[in-house]
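In case you want the letters, here they are:
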Amino acid sequence: MNTIAEIAAVIRKLKSALIFTHVRPDGDTVGCGIALSRALDLLGIRNQLLNEGEIPEKLSFLKGTEKFLRAPVIDAEGYICVDTSDEARLGELQSVYANGVRKGKVTVNIDHHVANTRFAAYNFVRDRASNCENVAELIRALGVKEDGQISRALMTGMVTDSGGFSHSDVNGDTFREAALCADGGAEVNAITYEVFKRQTKARAQMYAETISSLRFFLGDALAIALVTQEKLNRYGLKQDATEGIVDFALSIDSVEVSVCLMEAKRGQYKASFRSKGKVNVNEVARKFGGGGHILASGCMLFGDIEEIYDRLSFAVAQAGNL
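Fair warning: this is a prediction, and the values are worked out from it, not measured in the lab.

Moving on: the overall build of the protein chain. Within the protein chain one finds 12 helices and 12 strands. Relative to the 2.2 N^0.38 estimate, which gives 20 Å for 322 residues, the radius of gyration of the protein chain is 19 Å and therefore close to what a compact globule would have. For the protein chain, the spread of C-alpha atoms along the principal axes amounts to about 55 × 40 × 35 Å. Counting only contacts in the protein chain whose residues sit at least 6 apart along the sequence, the fraction spanning at least 24 positions is 67%. A total of about 13900 Å² of accessible surface is found on the protein chain, and carbon and sulfur atoms cover 49% of it. One way to put it: in the protein chain the 38 positive side-chain charges average out to a point 3 Å from where the 41 negative ones average out.

Right, dumping it as structure tokens:
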């Protein structure tokens, strides 16, 4: 693996870069992208932010979200992936990245997932509460001083991926990076309201209906929430409205693992996992072709919903001896 200093040296030599973010973007990947894009702007390096889909509306308060495009419009020298554990997490942009590899583009991978495959020519992977902590370190190594836009973007990633600084992987380094962002103008209270608290009446109703129909397995050690396309359509909501649902069940005493299943299309579900620590959910997700962190991971599941419940129960029971 490369050091941050080595990665910074590679990036400083670029005249242009594409910044790739992962599918179903969250606050961490969006914050990483915006902050790094702003840093490259300040260095005079032409760049473009890419994501295969729409940026969640709840992140629209961040300046820089308007820069995201679904396809490149520049022939950049460097391809930089942030908060992305493997090429498949780029979604439809995977082919763009692969084409760049074939053309000999400089590829860089900056991530915090333990399941990262080190798929780029230059890789920096450090397991931290958020990847924005890694990007903050990179921006300093690039010689860029954080301004308000960079600080707010980085703080947003730290707040969202750490669950408001409440997850067990939060440590002194997390708070030190957050303190620098606060000094740079990031307002934690405003960001926390935007990403965790602000919601429409329709989203609140959908949330209440979903939580009231939680399914429990393994002697109540496993809780699974289901959000169908019918439910989203009925409330007029998009997929990003499911953010945060997976965290609720962990507040229940008996629950060791919480899963939220979001129906992407008939017979296909996006699974988000959370664990209190007894079960390594990265191990569970990897059994289904996904991955992430020990306490938070994800994957795609296919088939009949009752069969999926059975497969999840079996996998979680095996991983945690439940």
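Before going further, it helps to examine the sheet that holds strand E5 (residues 106-111). The sheet built from six strands is open, its strands ordered E3-E2-E1-E4-E5-E6 with parallel pairing. Every other strand in the sheet has two partners, leaving strand E3 (68-69) and strand E6 (122-125) as the edge strands with one partner each. Summarising the sheet, strand E2 (residues 46-50) and E3 pair through two bridges and their orientation is parallel. Counted as the bridge partner of Leu 49 is Phe 68 from E3. The strands that helix H1 (residues 4-12) touches are strand E4 (78-82), E5 and E6; relative to E6, the one it contacts most, it runs at about 140°. Against the sheet, helix H3 (residues 94-102) touches strand E1 (16-20), E4 and E5, its axis set at about 140° to E4.

It is worth spelling out the packing of aromatic side chains at this point. Applying the stated criterion across every chain, the model contains seven aromatic pairs. Relative to Tyr 97, the ring of Phe 20 has its centre 5.9 Å away and its plane inclined at 90°; by these criteria the two rings are edge-to-face. In this pair, Phe 20 sits in strand E1 while Tyr 97 sits in helix H3, placing the two residues 77 residues apart along the sequence.

Pairing between side chains of opposite charge can happen when the charged atoms of each approach one another. For the coordinates displayed, the defined rule picks out 16 salt bridges. The residue Glu 57 makes a salt bridge to Arg 198 at a minimum N-O spacing of 3.7 Å. In this pair, Glu 57 is assigned in the loop between E2 and E3 and Arg 198 in the loop between helix H7 (188-197) and helix H8 (201-212), connecting sequence segments 141 residues apart. On the basis of relative accessible area, Arg 198 is assigned to the partly exposed category, the value being 32%. The residue Arg 176 makes a salt bridge to Asp 173 at a minimum N-O spacing of 3.1 Å.

It is worth spelling out the sheet that holds strand E12 (residues 296-302) at this point. Strand order in the open sheet formed by six strands is E7-E8-E9-E10-E12-E11, and the pairing between neighbours is mixed. Whereas interior strands pair on both sides, the edge strands pair on one side only; in this sheet they are strand E7 (215-217) and strand E11 (291-292). Each of E7, strand E8 (222-227), strand E9 (257-265), strand E10 (268-275) and E12 is contacted by helix H12 (residues 305-320), which is oriented at about 150° to E8, the strand it contacts most.

Parameters and conventions
Residues numbered from 1 in each chain as written. Predicted model: local features only at pLDDT ≥ 70, side-chain atom pairs only at ≥ 80, totals over all residues. Heavy atoms only, no water. Helix = DSSP H or I, 4+ residues; strand = E, 2+ residues; numbered from the N terminus. Rg over C-alpha atoms; globule rule 2.2 N^0.38 Å. Contact = heavy atoms within 4.5 Å. Areas by Shrake-Rupley, 256 points an atom, 1.4 Å probe, with all protein chains shown as cover. Lys, Arg positive; Asp, Glu negative; His and termini not counted. Charge placed at Lys NZ, Arg CZ, Asp CG, Glu CD. Pairing = 2+ DSSP bridges. Axes fitted to C-alpha atoms, helices over the stretch in contact; angles between N-to-C directions. Phe/Tyr/Trp six-rings, centres within 6.5 Å; stacked < 30°, edge-to-face > 60°. Salt bridge = Lys/Arg side-chain N within 4 Å of Asp/Glu carboxyl O. Buried < 20%, exposed > 50% of the residue type's maximum accessible area, 1.4 Å probe, protein only.

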